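# Chain and residue survey
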Amino acid sequence: MTLLKLHAIEKRFGPTIALDGVDLEVAAGEVHAVIGENGAGKSTLMNILSGAFASDRGEMSLDGIPYAPIDPAEARRAGIAHIHQELALCPHLSVAENMLLGTEPSAFGWLDRQTMFERAAALLREFGRAEIDPHVRTSNLSLADQQVVEICRALARDARVMLMDEPTSSLQRSNVERLFRMIQKLRDRGIAIIYISHFLEEVREIAERFTVLRDGKSVATGALSGVTDAELISFMVGGRPSPAASPRPLPRGEGSVVLEVENLAAPPRVHSASFVLRRGEILGIAGLIGSGRTELIRALFGLQRATATRIRLHGSFGYLSEDRKREGLALALSIADNITMSRLSTCARAGWLNLRQQAAQARDAMQRLRVKAAGPEIKVARLSGGNQQKVALGRLLHQDPDILLLDEPARGIDIATRQDVFAEIAQLAASGKAILMVSSYLPELLGVCDRIAVMSRGRLSPARPISEWTADSIMEVAIGGSA
Amino acid sequence: MEARKAFSIIAPLLGLIGVIALFAVLTGAPERYLSTANLRVVLAQTVIVALSAIGMTMIIVSAGIDLSVGATIALTSVVTALALRDGWPPAAAIVAGTLTGGIVGLINGLAITRLHVVPFIATLGMLGIARGVAKYVADQQTVNAPPTWINEVAVTFPSRPWMLFAPGVWLTIALAVMMTLVLRRTVFGRRVFALGSNEAAARACGIHTDRLKIWIYSIAGLFFGLSGVMQMSRLRQGDPTVAVGVELDVIAAVVIGGGSLSGGEGSIGGAMIGALVMAFLRNGSQQMGWPNYVQEIIIGVVIVIAVAVDRYRTSRGTE
């Protein structure tokens with residue numbers, strides 16, 4: 001039985017066509033995956049469903065009744081809840097206050113605290129998360145637990161449809177499994193879930209049906225059991241030739257050592273890390289989120305206090321943060337400013353910028369990385385996530401350091417962009433750069449790196465050639481902590 | 001959470017005790033410095049800043065700011081004096097002064113939500129507007145008010161000794177307790193915190209954030225208006241040039257008391273302590289015979305230290 005039905009939805013932003021005819025049907029108690037490259041229109045579609053924007057054309061109906069929310073409040077009242085990619089909680093409020101924000105139990109304006117805490121505790125119990133204390137300040141919870149709070153908040157408002165946008169993007173595997181169990185309970189309750197993800201294997205694990213968006217159109221829909229990954233990817237990419245998988249250069253010759261680290265410790269997260277990094281190689285750091293991977297890289301770049309028995313460095317560092325919006329880019333500045341920022345001296349004389357030279361250099365980097373934008377003067381904030389990531393990488397190219405520290409270089413970007421990014425990383429290594437790369441995504445590490453070391457509870461395993469690792473053995477070290 | 005909450009009150013309280021102890025020693029006459037008479041002086045001096053700090057706490061918790069406090073106090077002191085001069089009963093004059101403050105706050109709220117001007121700029125504009133209007137309605141002079149019982153409200157030594165402190169002091173305490181309950185225990189109060197903590201989240205939960213902001217600035221305006229009434233009571237006249245820069249003392253009180261200018265954090269109890277810290281510092285400096293500029297430097301240093309201590313604590317707390 002169809003609960004939510006969309007027909008021929010269109011949306012424009014000025015001259016840009018974001019949605020150009022989207023059909024979508026989701027039944028009660030169904031997990032429906034919406035997949036597509038970045039820029040395919042998924043976010044716009046979610047924003048229309050959740051009442052943030054109005055569509056220009058097309059019809060939506062919920063339970064057979066026409067549905068056209070004028071604002072998020074109305075969408076919430078209709079029973080549509082948006083679980084955001086970036087969590088939307090109030091960090092200063094308690095767990096219970098967040099869950100019932102906007103629908104607080106009260107009498108004459110006075111908060112009924114007892115009922116509030118009881119209702120919150122009951123919801124947490126129902127999803128097997130009774131250990132989360134509803135009195136606790138939300139900022140004290142882990143990200144995974146905060147997500148639980150957000151989902152419970154949707155339930156507290158009797159949501160019938162939940163929009164989940166990349167809900168696993170910042171979760172580690174054990175929490176992903178807990179989330180999936182929670183989603184199954186939601187499904188059993190008859191809640192329809194629209195699930196957006198870049199990870200096909202994840203989609204297959206949790207969803208029954210799918211709809212593929214491409215260039216603002218819904219191009220395919222059906223049961224996931226009836227399609228192969230290759231077919232899904234071809235729906236997403238369409239007629240365009242898919243970029244070749246990153247060339248796997250044969251084991252590169254032993255380059256000279258550029259970085260030698262012995263017993264680096266950056267409490268509280270990093271206890272002991274030792275490794276050697278050579279020119280021309282890509283050393284991958286695997287491990288669960290929270291295992292100290294990010295902190296290791298930050299300590300190397302001097303962003304975190306650390307001690308070590310010995311560090312030998314021959315060259316310069318470049319750093320790509322995992323947090324693109326906060327640390328990676330200056331969103332309000334242009335592409336050219338961002339790309340040249342770490343090394344403005346290349347386009348300046350006596351402190352004065354040569355803007356033409358700056359634009360030309362930025363244009364080079366944009367071409368090399370295939371950044372889709374009208375020109376180097378465009379503000380980075382206006383680019384899609386994938387293009388933003390390319391600009392962040394472009395800044396490193398322009399800086400031209402000897403050692404690149406890359407933290408989650410493919411976070412939140414679509415498959416095609418990911419391939420571009422990895423092709424570039426492989427090329428950088430081939431040209432003699434040394435690369436230290438952190439990633440949560442194993443196929444990514446296994447496909448790109450020469451050697452991998454695994455971080456587990458603050459201890460880094462010895463680095464071993466890629467041929468000696470499998471996805472299973474990496475997970476084993478990451479979880480078990482023995483190498 | 002509880003430990004954190006406790007600390008946010010205890011730290012400013014320790015600071016207050018430290019200041020009092022310091023001057024008790026420095027003045028060499030602790031019995032005089034700690035006497036009831038001196039306490040009355042300090043409390044009476046604190047009333048104006050403390051009342052405004054109640055309103056400002058609400059604004060700062062919601063991640064807003066109001067720079068028009070001093071000008072609003074001047075305007076409302078003039079309005080109260082004019083009402084008295086025109087023969088209004090004192091109670092009606094108080095209501096007129098207070099409501100004028102509320103209207104100024106309402107206009108601030110409307111400018112912020114309807115014209116989409118950030119609070120800093122909207123209230124910076126109001127700082128000039130309210131001061132100008134005060135001078136206009138006062139005809140650029142002080143407005144003498146006929147003597148009424150209002151003059152008793154904020155005096156240092158109440159005429160009835162059993163009151164111990166001036167009625168204005170008791171009123172401030174009562175309002176501080178009431179607004180603490182409002183902020184902690186009502187839906188409105190929790191939504192003020194939600195707004196300051198994450199405005200987008202509050203909006204996504206169906207809270208009418210614009211309406212909420214208008215209420216916050218209007219209610220705070222009532223408190224600024226009441227401060228204006230107290231100002232009139234102390235001077236026994238309405239003065240359009242009075243209270244210049246008071247907003248900075250008020251903001252400092254809230255911040256010393258643990259308020260965060262990025263919102264979501266702050267307490268009225270803390271703000272009251274913050275106001276007292278500054279009042280005791282001024283009073284102590286005066287008793288020491290230190291020139292005015294010394295007080296100014298000391299208070300400036302205290303503000304920065306208070307916030308630095310708070311930052312240090314939160315950065316340790318999150319690691």
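Whatever comes next refers back to the structure up there.
These remarks concern the structure in this document. (Residues numbered from 1 in each chain as written. Chains lettered and ligands numbered in written order. Predicted model: local features only at pLDDT ≥ 70, side-chain atom pairs only at ≥ 80, totals over all residues.)

### Thoughts on the overall build of chain B
For the record, the criterion: Runs of H or I in DSSP of at least four residues are treated as helices and runs of E of at least two as strands, each being numbered from the N terminus. All radius of gyration figures rest on C-alpha atoms, and the globule criterion is 2.2 Å times the number of residues raised to 0.38. Here a residue counts as buried when 20 or more other C-beta atoms fall within 10 Å of its C-beta, as exposed when 12 or fewer do, and as partly exposed in between; the C-beta atoms come from the backbone. Distance between backbone-placed C-beta atoms decides contact: two residues are in contact if it is within 7 Å.
When helices and strands are tallied, chain B shows 14 helices and 2 strands. In terms of overall dimensions, chain B is globule-like: its C-alpha atoms have a radius of gyration of 19 Å, near the 20 Å expected for 319 residues. Dimensions of chain B, computed from the C-alpha atoms along their principal axes, are close to 55 × 50 × 35 Å. When the 319 residues of chain B are sorted by exposure, 52% land in the buried category. Taking the intrachain contacts of chain B between residues at least 6 apart in sequence as the baseline, contacts between residues at least 24 apart amount to 77%.

### Observations regarding the sheet that holds strand β2 (residues 16-27) of chain A
Each strand in a sheet pairs with its neighbour through backbone hydrogen bonds, running either in the same direction (parallel) or in the opposite one (antiparallel). Residues and elements named next belong to chain A. Selection criterion: Two strands make a pair as long as DSSP finds a minimum of two bridges between them. Here the axes come from fitting lines to C-alpha atoms, over the contacting stretch only for helices, and the angles between their N-to-C directions go from 0 to 180 degrees.
Strand order in the open sheet formed by 4 strands is β2-β1-β4-β5, with antiparallel pairing between adjacent strands. In this open sheet, the two strands that pair with only one neighbour each are β2 and β5 (65-66). Judged from the 9 bridges that link them, strand β1 (residues 2-13) and β2 form a sheet pairing that is antiparallel. Each residue of the ladder has a partner; that of Leu-4, found in β2, is Val-26. Running over the sheet, helix α1 (residues 42-49) touches β1 and β2 and is turned about 65° from β2.

### Focus: the nonpolar core
To keep things clear, this is the line we draw: Buried Ala, Val, Leu, Ile, Met, Phe, Trp, Tyr and Cys residues form a nonpolar core when they are connected through C-beta atoms within 7 Å.
Ranked by size, the top nonpolar core spans 168 residues in total, and within it Met-162, Leu-163, Ile-193 and Tyr-195 of chain A together with Ala-53, Ala-253 and Ala-275 of chain B carry the most contacts. Here this core takes 14 residues from helix α3 (residues 36-61) of chain B, the largest share from any one element. The contact partners of Tyr-195 of chain A, leaving out residues within four places of it in the chain, are Val-31, His-32, Ala-33, Met-164, Val-203, Ile-206 and Ala-207 of chain A.

### Brief notes about helix α4 (residues 69-85) of chain B
Side chains of residues three or four places apart in an α-helix project in the same direction, reflecting 3.6 residues per turn. Residues and elements named next belong to chain B. Note the following rule: The span one expects for a helix is its residue count, reduced by one, times 1.5 Å.
The end-to-end C-alpha distance of α4 is 24 Å, a good match for the 24 Å that 17 residues give at a rise of 1.5 Å each. Judged by how many residues are buried, α4 sits mostly within the fold: 16 of 17 residues are covered. Backbone geometry just downstream of α4 places Gly-87 in the positive-phi region, at approximately 85°.

### Observations regarding the pairing of strand β3 (residues 31-35) of chain A
All names here are of chain A. When you tally the buried positions in β3, you get 5 out of 5 residues, the bulk of the element. Pairing between β3 and strand β10 (residues 192-196): 4 bridges, direction parallel. Bridge pairing in β10 places Val-31 opposite Ile-193.

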